[in-house]
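Coordinates in review
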Amino acid sequence: MSWRLRYRLGEFVRSSFWLFPVLALLVAWLVGKLVLVLVPTPDWPRFDEGDVEGMRVSMAAFASSMLTFMVYAVSALLLAIQLASGQITPRIIRMTFSRWEMKVAAGVFVFAFGITMVALANTTDQVRHGGLIVLAIVGNVVAIAVFFWFVEEVGLGLRPVTVLQKVFADGKEAMDSVYQGAFDAGRAEGREIVREPAAHEGRIIERIGPSGTFLAFGSRELVALAARAGCTIELIPQIGDFVSTGDPLARIHPSEAHLSEEALNGLVAFGPERTMRQDPMFAFRIMVDVASRALSPAVNDPTTAVLALDQIHRLLRYAGQKNLDNARVYDSRGTLRLVFPTPDWDDIVDLAVTEVRQYGATSTQVVRRLRAMLEHLVHRLPAARVPALQSELALLEETVARSFPEPEDRRRANKGDLQGLGGSSGRSDS
């Protein structure tokens, strides 16, 4: 199985909503048949002597209720996603459908429906399996309990704070996949390539296939490909970039290395929109989008922007403690085989802070929370991270000076406050 096929299959399983209910239906049919074939019919007088027609009516009512649950659950989920995407960000649509809670709930409903239909089809005057009937009853009871849990998950799971915490968790996982190891003050961080080849050196390999967003690449597979060809592969676009057909995809050093364009194109993945698999910057992008939407004049919800800043603060601190110079991959002999562009600390801080500062310039709550975040990170992160944060603090002071003409408002806005507005200004644990 090729790397691209494995990647697409993995993404399909992770993001697909309909796959799990379909599998649950197949599992229900299989379990029902196995019970009929392998499990002896229990000697239960209640089922052996009971009214068959009454049992069938009960099974039919169970099946009908489960079908209603499924329709209601999917309808409620669609409605909640539409409302939440309009209030928070459209980027949560894919994330919500890929949540395991939604898949499990839908799977339980479909399983209960399927096992009930199997029990109904096998309850006649000649055939009635007490164990299968009990299994259908238990499945329906469990499905009813799961239904109420599902309603709670849909209602509370799409709150801004829940969505933002999920984005933080996914962003942290993505950051671990891109940046390995803790910050090391003795190791310089930079983008330069070892050997520093001139821009005209090397052979350009172009993108083959439809245009799209650069989603991921197979690091180990590219290293193995470069080792077989005796070269170094330098990926040109960054994860998250939009790449058109025929655009430069990679540069091969040395240019005479025998490396197939098709082979290299087979080890990269493109799609219609960004994901967080190998793109921690997309987590910051979503959080900033949530804050920006909350700060728009049509919404005017600075408290949600502060909730977004809470998670931006967490992820920025985590990023600042990582080694951000993992853009080079070596083979087992220590030879450089793969180089790819990654955001550095300045890029991360720019994305995390700039738009929130601009859109929240007139909100005392936002600028106070932003200042508290920057001051906290200045004291908690290594010295190499401080200049970018100090620069943002200076820009924040200039923004406050322009946005608050009254001296008292400027004085209040220039105080750091982890709550935004209303927290103690006398804290000394920075």
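To keep things clear, this report deals only with the structure shown in the data block. (Residues numbered from 1 in each chain as written. Predicted model: local features only at pLDDT ≥ 70, side-chain atom pairs only at ≥ 80, totals over all residues. Heavy atoms only, no water.)

1. So, the sheet that holds strand β8 (residues 336-339)
How we decide: Paired strands, as defined in this entry, are two strands with at least two bridges between them according to DSSP. Put simply, DSSP H or I for four residues or longer makes a helix, DSSP E for two residues or longer makes a strand, and each gets a number counted from the N terminus. Axis lines are fitted to C-alpha atoms, over the contacting stretch for helices. Their N-to-C directions set the angle, which ranges from 0 to 180 degrees. Whether two residues are in contact is decided by their heavy atoms: any pair within 4.5 Å suffices.
In spatial order, the strands read β1-β5-β3-β8-β7; together these 5 strands make up an open sheet with mixed pairing. A strand with exactly one partner marks an edge of an open sheet, and here the two such strands are β1 (203-206) and β7 (328-330). Neighbour to neighbour, the strand axes of the sheet diverge by 25° on average, direction disregarded. Where strand β3 (residues 232-235) meets strand β5 (residues 248-253), 4 bridges bridge the pair, whose relative direction is antiparallel. Bridging from a neighbouring strand, Glu-234 pairs with Arg-251 of β5. Packed onto the sheet, helix α9 (residues 219-229) meets β3, β7 and β8 and runs at close to 135° relative to β8.

2. Overview of the environment of Phe-282
Along the chain, the position of Phe-282 falls in helix α11 (residues 280-294). The contacts of Phe-282, once residues within four sequence positions are left out, are Arg-91, Arg-274, Thr-275 and Met-276.

3. As for the sheet that holds strand β6 (residues 268-271)
Pairing in this open sheet of 3 strands is antiparallel, and the strands run β4-β2-β6 from one edge to the other. The sheet terminates laterally at β4 (242-243) and β6, the two strands that pair on one side only. With 2 bridges joining them, strand β2 (residues 212-217) and β4 adopt antiparallel strand pairing. What sits directly across from Gly-212, in β4, is Val-243.

4. Considerations on the environment of Gln-82
Along the chain, Gln-82 turns up in helix α4 (residues 52-87). Distance in space between the C-alpha atoms of Gln-82 and Val-378 is 39 Å, their sequence separation being 296 residues.

5. Digging into helix α8 (residues 160-178)
Each α-helix winds once per 3.6 residues, and so residues spaced three or four apart point in a common direction. Filter applied, for reference: By this rule the span expected of a helix is its residue count minus one, scaled by 1.5 Å. Only protein chains enter the calculation, and the probe is 1.4 Å; a residue is then buried if its accessible area is under 20% of its type maximum, exposed if over 50%, and partly exposed in between.
Counted at 1.5 Å a residue, the expected span for α8 with its 19 residues is 27 Å, and the 27 Å between its end C-alpha atoms agrees. Of all the residues in α8, the buried ones are Val-163, Leu-164, Val-167, Phe-168, Asp-170, Gly-171, Ala-174, Met-175 and Val-178. Check the buried side of α8 and you find it contacts α5 (92-97), α7 (130-157), α11 and α12 (302-320).

6. Describing a nonpolar patch on the surface
Here is the rule: Candidates for patches are residues over 30% relative accessible area with no salt bridge; among them, like charges are joined within 9 Å and nonpolar side chains (Val, Leu, Ile, Met, Phe, Trp, Tyr) within 5 Å. Every accessible area reported is derived by Shrake-Rupley at a probe size of 1.4 Å, with residue values counting cover from the shown protein chains alone. The term salt bridge refers to a side-chain nitrogen of Lys or Arg lying within 4 Å of a carboxyl oxygen of Asp or Glu.
Together, Met-1, Leu-5, Leu-9, Phe-12, Val-13, Trp-18, Val-22, Leu-23 and Leu-26 give the surface a local cluster of nonpolar side chains, amounting to about 870 Å² of exposed area. Of all the secondary-structure elements, those providing two or more residues to the nonpolar patch are α1 (3-15) and α2 (19-38). Counting residues per element, the nonpolar patch draws most heavily on α1, at 4 residues. Here Val-13 shows up in helix α1.

7. Comments concerning the environment of Asp-331
Quick reminder of the rule: Whenever a nitrogen or oxygen atom comes within 3.5 Å of another N or O atom, the pair is scored as a polar contact, on the condition that within protein one atom can donate a hydrogen and the other can accept it, and that pairs from neighbouring residues in sequence are kept only if both atoms are in side chains.
Looking at the element boundaries, Asp-331 is found in the loop between β7 and β8. Judged by its relative accessible area of 15%, Asp-331 falls in the buried class. Here the alpha-carbon distance between Asp-331 and Ser-15, two residues 316 residues apart in the chain, equals 33 Å. Those residues in contact with Asp-331 that sit more than four places away from it in its chain are Val-223, Ala-227 and Arg-337. A polar atom in the side chain of Asp-331 sits 2.8 Å from the backbone nitrogen of Thr-335. At 2.9 Å, the side chain of Asp-331 forms a polar contact with the side chain of Arg-337.

8. What to know about unusual backbone geometry
Note the cis peptide between His-253 and Pro-254, where omega equals -5°. Residue position: Pro-254 is located in the loop between β5 and α10 (261-265). Here Asn-300, not a glycine, exhibits a phi torsion of approximately 55°, which is positive. Take Asn-300: it is sitting in the loop between α11 and α12.

9. Describing the packing of aromatic side chains
What counts is decided by this rule: Each aromatic pair joins two rings of Phe, Tyr and Trp (for Trp, the six-membered one) with centres within 6.5 Å, and gets the label stacked for planes under 30 degrees apart, edge-to-face for over 60, and tilted for any other angle. For a Lys NZ or an Arg CZ to count as sitting over a ring, it must be within 6 Å of the ring centre and within 35 degrees of the ring normal.
Counted by the stated rule, this structure contains 11 aromatic pairs. An angle of 70° between the planes, with centres 5.5 Å apart, marks the rings of Phe-17 and Phe-97 as edge-to-face. With a gap of 80 residues between them, Phe-17 in the loop between α1 and α2 and Phe-97 in helix α5 connect regions that are remote in the sequence. Relative to Phe-150, the ring of Phe-109 lies with its centre 6.1 Å away and its plane at 80°, an arrangement referred to as edge-to-face. Of this pair, Phe-109 sits in helix α6 (residues 100-121) while Phe-150 is found in helix α7, placing the two residues 41 residues apart along the sequence. Neither Phe-109 nor Phe-150 differs from the other in exposure class; each is buried. An aromatic cluster is defined as three or more aromatic residues linked by ring pairs; in this entry it consists of Tyr-72, Phe-109, Phe-147, Phe-148 and Phe-150. For Arg-207, the ring lying beneath its charged end belongs to Phe-270, and the centroid distance is 4.0 Å.

10. Overview of the packing of α11 against helix α13 (residues 345-359)
The condition is simple: Working definition: roughly parallel below 35 degrees, roughly antiparallel above 145 degrees, roughly perpendicular at 65 to 115 degrees, and oblique for all remaining angles.
Viewed as axis vectors pointing N to C, α11 and α13 meet at an angle of 5°, and their least axial separation amounts to 9 Å. In terms of orientation, α11 lies roughly parallel with respect to α13. Across the interface between the two elements, Met-281, Phe-284, Arg-285, Val-288, Ala-291 and Ser-292 of α11 pack against Asp-347, Ile-348, Leu-351, Ala-352, Glu-355, Val-356 and Tyr-359 of α13.

11. With respect to the pattern of salt bridges
If you walk through the whole model with that rule in mind, you get 21 salt bridges. The partner of Asp-289 in a salt bridge is Arg-91, and the shortest N-O contact between them spans 3.0 Å. Highlighted residues: Asp-289 in helix α11 and Arg-91 in the loop between α4 and α5, separated in sequence by 198 residues. What makes Arg-91 partly exposed here is its relative accessible area of 34%. For Glu-408, the salt bridge identified is with Arg-411, shortest N-O distance 2.3 Å. Residue Glu-408 and its partner Arg-411 are both found in helix α16 (residues 407-413); the two are separated by 3 residues, about one turn of the helix. Owing to a relative accessible area of 36%, Glu-408 belongs among the partly exposed residues under this scheme. Arg-411 gets classed as partly exposed once you look at its relative accessible area, which sits at 41%. Connected via shared salt-bridge partners are Glu-11, Arg-14, Arg-94 and Arg-277.

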